[in-house]
Structures are given as structure tokens and as C-alpha cells.
Amino acid sequence: MSGTVYLVGAGPGAADLLTLRAARLLGEAGIVLHDALVPAEILALAPGAEKVPVGKRSGRHSTVQRFINKRLADAAREHAVVVRLKGGDPMLFGRAQEEIRYLVSRGIRVEVVPGVTAALAAAAQAGVSLTERGVARSVAFVTPRVGEGAAPSSWLDAARAADTVAIYMGAGDAPAIARALIGAGRSPSLPVVLVENASQAGSRTIAGTLAELPALAAQLNGGAATILLGEVFSAAVVAKRQPRRRPQAR
Ligand SMILES: C[S@@+](CC[C@H](N)C(=O)[O-])C[C@H]1O[C@@H](n2cnc3c(N)ncnc32)[C@H](O)[C@@H]1O
């Protein structure tokens, strides 16, 4: 048996943001190796499959990538359809390339099924377009986070140059990120929006300025969060600052 390994994007959490192709493959899968962030409702779409949790949450238990690669190759020997289910989109901060390289070098077929990435789900949740004519014509997806032994990230160069910036895996390092960005010349009054658990029940959107980023991040509840920054968010920041108007008594 030489099955196909499908690297499938599970999206940001809401099951109905899954693509139809992802749902079909889950239904056909003999085995699903999935990230920790993938909700049970999505795993339930693979009733006939063995489910193997292999993902990690930052700062928590991490399954070694080498083990995941080997497990995928072994699974392809036993099952026609192997699904490697990853949060968001597999091709963005998802270590997809390491898995693709390993599997292809062993002659195993790999296909990728895109998913809705966190930055786009966060923009939808905030109700703000990442681009806007006359305001923002470039978007950078960055993370300051690097793997053990990897070269330092060049995220700051991209975050300095782009009109709009989406920072993944950054909420825990908010003070250092704010310091670095301001030190690199971004305005302390640049609008910032943090979106926690985008697309899921209990999602939160917190807005303020770059100077306030550490205080904003301290309000998060420990869920997955994406930091968005840029002038496109200025109206969102103003709206958050305005006191709620009480309904008029008749
Ligand atoms: C390892 S990265 C994986 C990104 C994923 N491949 C994607 O395309 O969204 C995990 C980071 O994605 C972001 N993230 C994932 N799900 C999210 C959600 N529902 N709401 C906000 N941010 C999320 C957070 O910044 C989190 O630290």
C-alpha cells in the first residue's frame, strides 16, 4: 500500500469554515494526525479514522517533528488516505515544508488542501479589510518565533515595510514586539487590533495603539491570538475607545 498524505488546513476553528474538499477527505481518511488546536467538531467529520494528536501549543508539550514525519510515512503504508490536519492553512507557519520534503524524498504522494489562515479570520472577526485603497496596499504575515537552533527571524524588516502587519505567535511577547517595532520607527500611535480565538465562540477583539500593545495583550484569556497592526484599523480603535451610548429612555 502506498497511500496519499493530504496536508489539510482545518481553518481557524469554526467547523463551517472548512473547505468542502477537506470535509470530503476527512470522511475518506483511514487515519488523521492532527494539531492540538483542531476542535472536536472537525475531527467528528472523520468517523472511520484513527485520530492521532501530534500537534503542539506554544509553551506546552511538543511532539518532535521527526516523529510526526515518520508516523506520516508509516501511515501511508497502511492507509490509502492519510490526513495531516493543521490549524489555519498548512502553508503558513505550519511546518508543512518539512513534512512535504520528508514524504516526497520517500516517494510518497503529498497533496495540500488550503485552509483559512488566522490573519484572514481575524480580519473578518474585526470587520476590517487588511487592504484599503489609499491606505494599505501591502500586507506582511510575520512571526518573531523561530525554532530551536534556527536563525533569527527577519520579521522586523517586513513589519517595518508593510502597510498592514499580521503577527502570528506573538501575543506572549507583546512587550518585546512593541519595543522592537517602535525602535524600528513605527509610530507608537499606530492602530493595533488583537483577535483571540477568531471564528470561535468566545472570540475577543481588543483595540488600541502600538504603545499600548503590552497592556492590550495582558487582557487576553490565553487563547490563540493574532496581532494586527496598521492604519486600516484606525476606525476600529476609535470605536473601541468611544463609551457605549445608553439607549434613550422614552
Ligand atoms: C503555529 S501558528 C499556525 C498558523 C496556522 N497555520 C494558520 O494558518 O493560521 C499558530 C498561531 O496562529 C494564530 N491563530 C491560530 N488560530 C487562531 C485563531 N482562531 N484566532 C486568532 N489567532 C489564531 C495565533 O497567532 C497562533 O499563535
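Everything quoted here is computed from the prediction, not taken from an experiment.

Time to look at the packing of helix α3 (residues 65–78) against helix α4 (residues 96–105). As a packed pair, α3 and α4 sit with axes 10 Å apart at the nearest point and diverge in direction by 45°. Overall, the two elements α3 and α4 adopt an arrangement that is oblique. As for the relative orientation of α3 and α4, their crossing is right-handed in sense. Residues Q65, I68, N69, K70, L72 and A73 of α3 form the contact with α4, whose participating residues are E98, E99, Y102 and L103. Each residue belonging to the contact of α3 with α4 can be placed in one class, and the counts come to five nonpolar, two polar and three charged.

All right, on to the packing of aromatic side chains then. Counted under the stated rule, the structure contains two aromatic pairs. Judged by centre distance (4.9 Å) and plane angle (55°), the ring pair of F93 and Y168 falls under tilted. Taken together, the residues span a long stretch of sequence, with F93 in the loop between β4 (81–86) and α4 and Y168 in the loop between β7 (164–167) and α7 (174–183) at a distance of 75 residues. On the accessibility criterion, F93 (36% relative accessible area) is partly exposed. Residue Y168 is classed as buried on the basis of its relative accessible area, which comes to 8%. Ring plane angle 55° and centroid distance 6.2 Å describe the contact between F141 and Y168, whose orientation is recorded as tilted. With F141 in strand β6 (residues 139–142) and Y168 in the loop between β7 and α7, this pair connects stretches of sequence that are 27 residues apart. Among the aromatic residues, ring-to-ring pairing joins F93, F141 and Y168 into one connected group.

We now examine the side chain of T226. Relative to the assigned elements, T226 resides in strand β10 (residues 225–229). Aside from chain neighbours lying at most four places away, what touches T226 is A118, A119, A122, A166, I167, V193, L194 and V195.

Our focus in this paragraph is the nonpolar core. Counting residues in each nonpolar core, the largest one holds 23 residues, and the members touching the most others are I167, L194, L213 and L229. Every element with two or more residues in this core is listed here: β6, α6 (155–161), β7, α7, β8 (191–196), α8 (213–217) and β10. At four residues, the largest contribution of residues to this core is made by α7. Of all hydrophobic cores here, the second largest spans 19 residues; its members include A22, V38, I42 and L43.

Once that is clear, we can look at a nonpolar patch on the surface. Side chains of F93, L120, V139, F141 and M169 sit close together on the surface and give an oily, nonpolar patch of about 390 Å² of accessible area. Taking relative accessible area as the criterion, F141 reaches 32% and is therefore assigned partly exposed.

Calculation rules
- Residues numbered from 1 in each chain as written.
- Predicted model: local features only at pLDDT ≥ 70, side-chain atom pairs only at ≥ 80, totals over all residues.
- Heavy atoms only, no water.
- Axes fitted to C-alpha atoms, helices over the stretch in contact; angles between N-to-C directions.
- Helix = DSSP H or I, 4+ residues; strand = E, 2+ residues; numbered from the N terminus.
- Parallel < 35°, antiparallel > 145°, perpendicular 65-115°, else oblique.
- Left-handed = near helix turned anticlockwise from the far one by under 90°.
- Contact = heavy atoms within 4.5 Å.
- Nonpolar A, V, L, I, M, F, W, Y, C, P; charged D, E, K, R; others polar.
- Phe/Tyr/Trp six-rings, centres within 6.5 Å; stacked < 30°, edge-to-face > 60°.
- Buried < 20%, exposed > 50% of the residue type's maximum accessible area, 1.4 Å probe, protein only.
- Core = buried A, V, L, I, M, F, W, Y, C linked by side-chain atoms within 4.5 Å.
- Patch = residues over 30% accessible without salt bridge, like charges linked within 9 Å, V, L, I, M, F, W, Y side chains within 5 Å.
- Areas by Shrake-Rupley, 256 points an atom, 1.4 Å probe, with all protein chains shown as cover.
- Salt bridge = Lys/Arg side-chain N within 4 Å of Asp/Glu carboxyl O.

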